[in-house]
Amino acid sequence: MSQITLITGSTLGGAEYVADHLADLLEQEGHQTETVNRADLANLTLDNTWLVVCSTHGAGEFPDNIQPFIQQLTEQKPDLSQLKYAVIGLGDSSYDTFCAAAKNLDQQLSSLGATRLGERLDIDVSKDPVPEDPAEAWLAEWKNAFCE
Ligand SMILES: Cc1cc2nc3c(=O)[nH]c(=O)nc-3n(C[C@H](O)[C@H](O)[C@H](O)COP(=O)(O)O)c2cc1C
């Protein structure tokens, strides 16, 4: 069983609800979870698994609560070669910058050496008004990757 840190980037709370739901499901599977709504690199373990659930705001911007963390990653360039991660994005496909924050974070974690578990899920809230549903389906598909 794994220790999984769920990190949220959320302005209106939707990504936080999705993370809470996935944390419940992961715990039911026997995993240990911790959910962090204001991530600080100094307080995170770099050799476990991060599941980042992040919406996009502005014109392709990160939500305010995750911006300091993104800045830390950009400036400190930590070695994430022992880290496994997955990213779920929430966005609206009517924006040209659909799920841009999740896409950028996925690329940033990968470029710092982390290993992605499963494919990124980009949830389009204009088509999926209950984002927990596609997130739950995604978890069912990829949960075995979290057990490695
Ligand atoms: C002011 C505003 C700007 C947004 N900009 C984008 C965007 O650039 N790209 C995108 O995919 N979605 C965008 N969205 C849609 C949000 O990402 C979507 O509503 C998401 O579910 C919000 O998640 P949250 O409740 O966790 O903040 C925007 C929404 C608002 C209200």
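As a starting point, this report considers the structure included with it. As the structure is a prediction and not an experimental result, all values here were calculated from the model.

The rules behind the values
Residues numbered from 1 in each chain as written. Predicted model: local features only at pLDDT ≥ 70, side-chain atom pairs only at ≥ 80, totals over all residues. Heavy atoms only, no water. Helix = DSSP H or I, 4+ residues; strand = E, 2+ residues; numbered from the N terminus. Buried < 20%, exposed > 50% of the residue type's maximum accessible area, 1.4 Å probe, protein only. Axes fitted to C-alpha atoms, helices over the stretch in contact; angles between N-to-C directions. Left-handed = near helix turned anticlockwise from the far one by under 90°. Contact = heavy atoms within 4.5 Å. Nonpolar A, V, L, I, M, F, W, Y, C, P; charged D, E, K, R; others polar. Near = heavy atom within 4 Å. Polar contact = N/O pair within 3.5 Å; in protein donor to acceptor, adjacent residues only side chain to side chain. Areas by Shrake-Rupley, 256 points an atom, 1.4 Å probe, with all protein chains shown as cover.

## Describing unusual backbone geometry
The phi angle at Lys77 is positive, at roughly 40°, despite the residue not being glycine. Examined against the element boundaries, Lys77 turns out to sit in the loop between helix 2 (67–76) and strand 4 (84–91). Classification of Lys77 by relative accessible area gives exposed; the value is 59%. Residues other than glycine seldom take positive phi values, yet Cys99 does so here, at roughly 55°. In this structure, Cys99 sits in the loop between strand 4 and helix 3 (100–111).

## Quick word on the packing of helix 1 (residues 14–28) against helix 4 (residues 132–146)
Where helix 1 contacts helix 4, the two axes come as close as 10 Å, and the packing angle between them is 35°. Judged by the twist between their axes, the crossing of helix 1 over helix 4 is right-handed. The residues of helix 4 that touch helix 1, namely those facing Tyr17, Val18, His21, Leu22, Leu25 and Leu26, are Glu132, Ala135, Glu136 and Leu139. In terms of residue class, the contact of helix 1 with helix 4 is built from seven nonpolar, one polar and two charged.

## Remarks on the site of the ligand
For the ligand, the set of nearby residues contains 20 residues, the closest of which are Ser10, Gly14, Ala15, Thr56 and Thr97. Between the ligand and Leu12 there is a distance of 2.8 Å, counted from an oxygen atom to a backbone nitrogen or oxygen. Between an oxygen atom of the ligand and a main-chain N or O atom of Gly14, the distance comes to 2.7 Å. For the ligand, the accessible surface in isolation is 630 Å², of which the surrounding protein chains cover 80%. Put simply, the parts of the chain that give the shell around the ligand at least two residues each are helix 1 and strand 4. Looking at side-chain class alone, the shell around the ligand contains eight nonpolar, 11 polar and one charged residues.

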